[in-house]
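Working through the structure, step by step
Each chain, letter by letter, is given below.
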Amino acid sequence: MDLLYNFPLIASLAAIFFAQFIKVPITFFITKKIDWKLLTSTGGMPSSHSAAVTALSTGIALESGMGSPLFAVAAIFAIITMFDATGVRRQAGEQAIVLNQLVADFNKFLLDAKGWQNKPEQQKRKELKELLGHKPIEVFFGGLTGIALTLILDNLLK
């Protein structure tokens, strides 16, 4: 049961759950609507991906030291993950927005051409996921969340 005593793993999982959970009150504060779907969705503030990888790196740094090869692997993994969250995944989300608009425009055209409006909306189309990546500020605060939560857990558990 060494797994239960693996501090970097526990800190990383705690950071994921915390970042996903905190999205609900942050969104409520902004929109005045509770959206429980945020607990399992991608994207949004803060980035749970960034929180996870920075918590992992911080946990490894606290246990193995910043000079260890294991920390080097974790740090590079965190950098690549956060770069991907703001780059490739965000661009995929931007493309999904455009594709969804094209589908909406095409569907509007079909409504005029055929009796498609009588079908249920879910049957008409399935939208692509638009909220895939993160804005740089979301990644930044996700990273801070992971580091801060790991340092707090480290102090509480010692």
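These figures come from a predicted structure and were not determined experimentally. Counting of residues starts from 1 at the beginning of each chain's written sequence and follows it residue by residue. The predicted origin of the model limits local features to residues at a pLDDT of at least 70 and limits the giving and counting of side-chain atom pairs to 80 or more, whereas totals for whole chains, interfaces and linings rest on all residues. With hydrogens and water stripped out, all remaining heavy atoms of the structure feed into the side-chain values.

This next bit is on the overall build of the protein. Runs of E in the DSSP output that reach at least two residues are strands. Runs of H or I that reach at least four are helices, and both are numbered from the N terminus. Regarding its fold elements, the protein presents six helices and zero strands. Only protein chains enter the accessibility calculation, which uses a 1.4 Å probe; a residue is then buried when its area is under 20% of its type maximum, exposed when over 50%, and partly exposed in between. Scored against the burial criterion, the 158 residues of the protein give a buried share of 34%. Surface accessibility of the protein: about 10400 Å² in total, with carbon and sulfur atoms responsible for 70%. Using the Shrake-Rupley algorithm and a 1.4 Å probe, accessible areas are obtained, with residue cover drawn only from the displayed protein chains.

A word on a nonpolar patch on the surface. Nonpolar side chains collect at one region of the surface, where Leu3, Leu9, Leu13, Ile16 and Phe17 lie side by side and expose about 470 Å² of accessible area between them. Judged by its relative accessible area of 40%, leucine 13 falls in the partly exposed class. Like charges within 9 Å and nonpolar side chains (Val, Leu, Ile, Met, Phe, Trp, Tyr) within 5 Å are joined into patches, using only residues over 30% in relative accessible area that form no salt bridge. Each reported salt bridge corresponds to a side-chain nitrogen of Lys or Arg within 4 Å of a carboxyl oxygen of Asp or Glu.

Take the confidence of the model for the protein next. What pLDDT expresses is the predictor's confidence in each residue, scored from 0 to 100. Here the protein shows a mean pLDDT of 81. Residues at 70 or above account for 82%. The least confident element of the protein is helix α5 (residues 121-124), whose mean pLDDT is 54; the most confident is helix α2 (residues 48-64), at 94.

Moving on: the packing of helix α1 (residues 7-31) against helix α6 (residues 136-157). Where α1 contacts α6, the two axes come as close as 9 Å, and the packing angle between them is 125°. Taken together, α1 and α6 sit at an angle that is classed as oblique. Of the two possible hands of crossing, α1 and α6 adopt the one that is right-handed. Judged by residue contacts, Phe7, Ala11, Ala14, Ala15 and Phe18 of α1 engage Thr145, Gly146, Leu149, Thr150, Leu153, Asp154 and Leu157 from α6. For this classification, the nonpolar set comprises Ala, Val, Leu, Ile, Met, Phe, Trp, Tyr, Cys and Pro, the charged set comprises Asp, Glu, Lys and Arg, and every other residue, Gly included, is treated as polar. Split by residue class, the contact of α1 with α6 holds eight nonpolar, three polar and one charged. Note on definitions: angles span 0 to 180 degrees between N-to-C directions of axes, and those axes are lines fitted to C-alpha atoms, for helices only across the stretch in contact. The cut-offs work like this: below 35 degrees is roughly parallel, past 145 is roughly antiparallel, 65 to 115 is roughly perpendicular, and the gaps in between are oblique. Crossing handedness: left-handed means the near helix sits turned counterclockwise from the far one by under a right angle, and right-handed means the same turn made clockwise. In this description, contact between two residues means that some pair of their heavy atoms is separated by no more than 4.5 Å.

All right, on to the packing of aromatic side chains then. Here a Phe, Tyr or Trp ring, Trp counted by its six-membered ring, pairs with any other such ring whose centre lies within 6.5 Å, and the pair is stacked when the planes are under 30 degrees apart, edge-to-face when over 60, and tilted otherwise. Under the definition given, this model contains zero aromatic pairs. For a ring to carry a charge above it, either NZ of a lysine or CZ of an arginine must fall within 6 Å of the ring centroid while also lying within 35 degrees of the normal to the ring plane. Across from the ring centre of phenylalanine 29, 5.3 Å away, lies the NZ or CZ of lysine 32, which sits over that ring.

As a further point, take the environment of leucine 13. Relative to the elements of secondary structure, leucine 13 occurs in helix α1. In this structure the C-alpha to C-alpha distance between leucine 13 and alanine 51, which are 38 residues apart in sequence, comes to 9.2 Å.

This paragraph deals with the environment of glycine 87. Assignment of secondary structure puts glycine 87 in the loop between α3 (69-86) and α4 (88-113). You can call glycine 87 partly exposed: its relative accessible area is 22%. Taking the C-alpha atoms as reference points, glycine 87 and histidine 134, 47 residues apart in sequence, are found 8.2 Å from one another.

Along the polypeptide, threonine 145 turns up in helix α6. Among all residues touching threonine 145, those that are not within four sequence positions of it are Phe18, Pro46 and Ala51.

What follows deals with the side chain of serine 48. Along the chain, the position of serine 48 falls in helix α2. Polar contact is the term for a pair of N or O atoms within 3.5 Å; when the atoms are in protein, one must be able to donate a hydrogen and the other to accept it, and sequence-neighboring residues count only if both atoms are side-chain atoms. A distance of 2.8 Å separates polar atoms of two side chains, one belonging to serine 48 and the other to glutamine 20. What serine 48 contacts, discounting residues up to four positions off in sequence, is Ile16, Ala19, Gln20 and Lys23.

Turning our eyes to something else, we now look at the packing of α2 against α6. Their axes nearest at 7 Å, the elements α2 and α6 cross at an angle of 40°. Between α2 and α6, the angle is such that the two are oblique. Here the hand of the crossing between α2 and α6 comes out right-handed. Between α2 and α6, the contacting residues are Ser50, Ala51, Thr54, Ala55, Thr58, Gly59 and Leu62 on the first element and Val139, Gly142, Gly143, Thr145, Gly146, Ile147, Thr150, Leu151 and Asp154 on the second. Grouping the amino acids of the contact of α2 with α6 by side-chain chemistry returns six nonpolar, nine polar and one charged.

Most often, soluble globular proteins have nonpolar side chains that are buried together. Membership of the largest hydrophobic core is limited to eight residues, which are Phe7, Ala11, Ala15, Ala19, Ala51, Ala55, Leu149 and Leu153. Contributing elements (two or more residues each) for this core: α1, α2 and α6. For this core, the leading source of residues is α1, giving four residues. Alanine 15 has contacts with Ala51, Ala52, Ala55, Gly146 and Leu149, leaving out every residue within four places of it along the chain. What is meant by a nonpolar core is a set of buried Ala, Val, Leu, Ile, Met, Phe, Trp, Tyr and Cys residues, joined one to another through side-chain atoms within 4.5 Å. Residues Ile60, Ala61, Ala74 and Ala75 belong to the second largest nonpolar core, which totals five residues.

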